[in-house]
Amino acid sequence: MNRRASINIFFAAYYAAGGVLLPFLSLFLERNGLRPSAIGVLLAVHSLSALSLAPVWGAVSDGVVSPVRLIRSAIAALAALGIVLALPVPMWLVVVVTTLIAAVDAGLQPLSDRLAVMVEREESGVTYGSIRVFGSLGWICVTPLAGMFADRFDIRVLFVGYTLLLIPAFLTVRSAAASRSAPRSHRFGRDTLIAVLGDVELRLLVAALVVHQFVSRSIFRFEPLYLDRFGVRMAMIGFASAIPAIVELAAMPVASHLGQRFSPRRVIVAGMVAFLVRMVLVRLYPVAPVVIASKVLGGVQFAFVLVGTVGMLTERWVTGPIGTALAVITVSVPHVVQLVAFPVSGYLFERLGGAFLYTLGAAGSVVSIVLVIASGRHEAHHTA
């Protein structure tokens, strides 16, 4: 199997495993006795565990030629934890194991992105978006099926699927990571930290991502509960979760192309505008069909913001600490935000209803768009 096929299968399998678990985790926790506010606190604990380890994973990644060993170790750990959750274990053990999953997965995400960036730089005609789109394809294929199985059988069957789908990811990552010339990245040291802290453009971009992540992650985690209040079955919730990923199949390559033709910043703004439109639509028409249909815009938002953010970072650090940069910006920052966002969103969901989260989402989108546009006025060219 050639390298490009291997990395495509790896991304498809890894994100398919996430598609079995993430859209239904809040429902699983609620059906095991947790209230939305308690779910928010637990998700914040997950974020804290992920936050503490993501930069460590990234720094270790920067010190090796290829992240293949780290990725395989992380996948093996996730598969073992998935097996535990497939058993009828007590809630305290569910809390511990899901927290460990969050911590390990926080390392696997930037490692996978670094692997994709390596392939992009070494293989002609390959872009990050064209690789990452296979993750969306994996999500699409399994999420509706996961909802159907959860409706038909016990919801714990999802953890069996999660473990099984990690197997092809484990088997293909070695050939995907094979590299003839990839250098070690420079470690994220004091000089780099000083440069980052003094970079007004980057500070404004991070501020925009903080606001955007606050509202978008809250919607993602609590929207299944909102749909459940309308009486939507888990099979339909699974299908609804696949809609953004279907859109991402086209949106990610388009986002990569637009980023190269115009700028990654404009791609980020376009994604945030799509999210704003979605928030306004759901707030004006708070019914299940509109919530589900508007997920098309959610796919555009996710693809454009992700590809644009990775594009800005890789432009700045051509040979620099890309592993740590990806870990900090794409993993640590969201998890810092979630420490506050999830408990607050859970509380607001209980007190004011799910529809209020979309009002908050619209307001947050406006702020984040303004911050990204403002960052363009302080644009500076950076390489390692």
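Parameters and conventions
Residues numbered from 1 in each chain as written. Predicted model: local features only at pLDDT ≥ 70, side-chain atom pairs only at ≥ 80, totals over all residues. Heavy atoms only, no water. Helix = DSSP H or I, 4+ residues; strand = E, 2+ residues; numbered from the N terminus. Buried < 20%, exposed > 50% of the residue type's maximum accessible area, 1.4 Å probe, protein only. Contact = heavy atoms within 4.5 Å. Areas by Shrake-Rupley, 256 points an atom, 1.4 Å probe, with all protein chains shown as cover. Salt bridge = Lys/Arg side-chain N within 4 Å of Asp/Glu carboxyl O. Patch = residues over 30% accessible without salt bridge, like charges linked within 9 Å, V, L, I, M, F, W, Y side chains within 5 Å. Core = buried A, V, L, I, M, F, W, Y, C linked by side-chain atoms within 4.5 Å. pLDDT = per-residue confidence, 0-100. Phe/Tyr/Trp six-rings, centres within 6.5 Å; stacked < 30°, edge-to-face > 60°. Lys NZ or Arg CZ within 6 Å of the ring centre and 35° of its normal.

## Brief notes about the overall build of the chain
Next, step 1: The number of helices and strands found in the chain is 15 helices and 0 strands.
Next, step 2: Expressed as a percentage of its 384 residues, the buried residues of the chain come to 56%.
Next, step 3: Within the chain, contacts between residues at least 6 apart in sequence are counted, and of these 87% link residues at least 24 apart.
Next, step 4: Counting only carbon and sulfur atoms, one obtains 68% of the accessible surface of the chain, whose full area is about 15,600 Å².

## Description of the pattern of salt bridges
Next, step 1: Under the definition given, this model contains 5 salt bridges.
Next, step 2: The residue E223 makes a salt bridge to K295 at a minimum N-O spacing of 2.6 Å. One end of the pair, E223, is in helix α9 (residues 200–229); the other, K295, is in helix α13 (residues 295–316), with 72 residues separating them in the sequence.
Next, step 3: Look at E223 and you get buried, because its relative accessible area is 4%.
Next, step 4: K295 gets classed as buried once you look at its relative accessible area, which sits at 10%.
Next, step 5: Residues participating in the shared-partner salt-bridge network are E223, R278 and K295.

## Considering a nonpolar patch on the surface
Next, step 1: Taken together, the side chains of V273, V277, V280, L281, L284, Y285 and V287 make up a nonpolar region of the molecular surface, amounting to roughly 580 Å² of accessible area.
Next, step 2: Along the polypeptide, L284 turns up in helix α11 (residues 264–284).

## A short note on the nonpolar core
Note on soluble globular proteins: their nonpolar side chains tend to be buried together.
Next, step 1: Formed by 85 residues in total, the largest nonpolar core has its most connected members in F10, L29, I71 and Y162.
Next, step 2: Setting aside anything within four residues of it in sequence, one finds F10 in contact with I71, I75, S112, L115, A169, T172 and V173.
Next, step 3: Counting residues in hydrophobic clusters, the runner-up holds 11 residues, among them L202, V269, M312 and I369.

## Re the environment of S216
Next, step 1: Relative to the elements of secondary structure, S216 occurs in helix α9.
Next, step 2: When residues no more than four places from it in sequence are discounted, the contact partners of S216 are F275 and Q301.

## Remarks on the confidence of the model for the chain
Next, step 1: A residue-level look at the chain finds 82% of positions with pLDDT of 70 or above and a mean pLDDT of 79.
Next, step 2: When mean pLDDT is taken per element in the chain, α11 scores highest with 92 and helix α8 (residues 190–197) scores lowest with 54.
Next, step 3: Low pLDDT (under 50) marks residues 180–188, which in the prediction has 28 contacts with non-local residues, meaning those over four places away or in another chain.

## Brief notes about the packing of aromatic side chains
Two measures describe an aromatic ring pair: the distance that separates the ring centres and the angle between the ring planes.
Next, step 1: Per the counting criterion, the structure on display carries 9 aromatic pairs.
Next, step 2: Put simply, the rings of F10, F11, Y14 and Y15 pair up and form one aromatic cluster.
Next, step 3: Against the face of F170 rests R72, its NZ or CZ located 4.0 Å from the ring centre.

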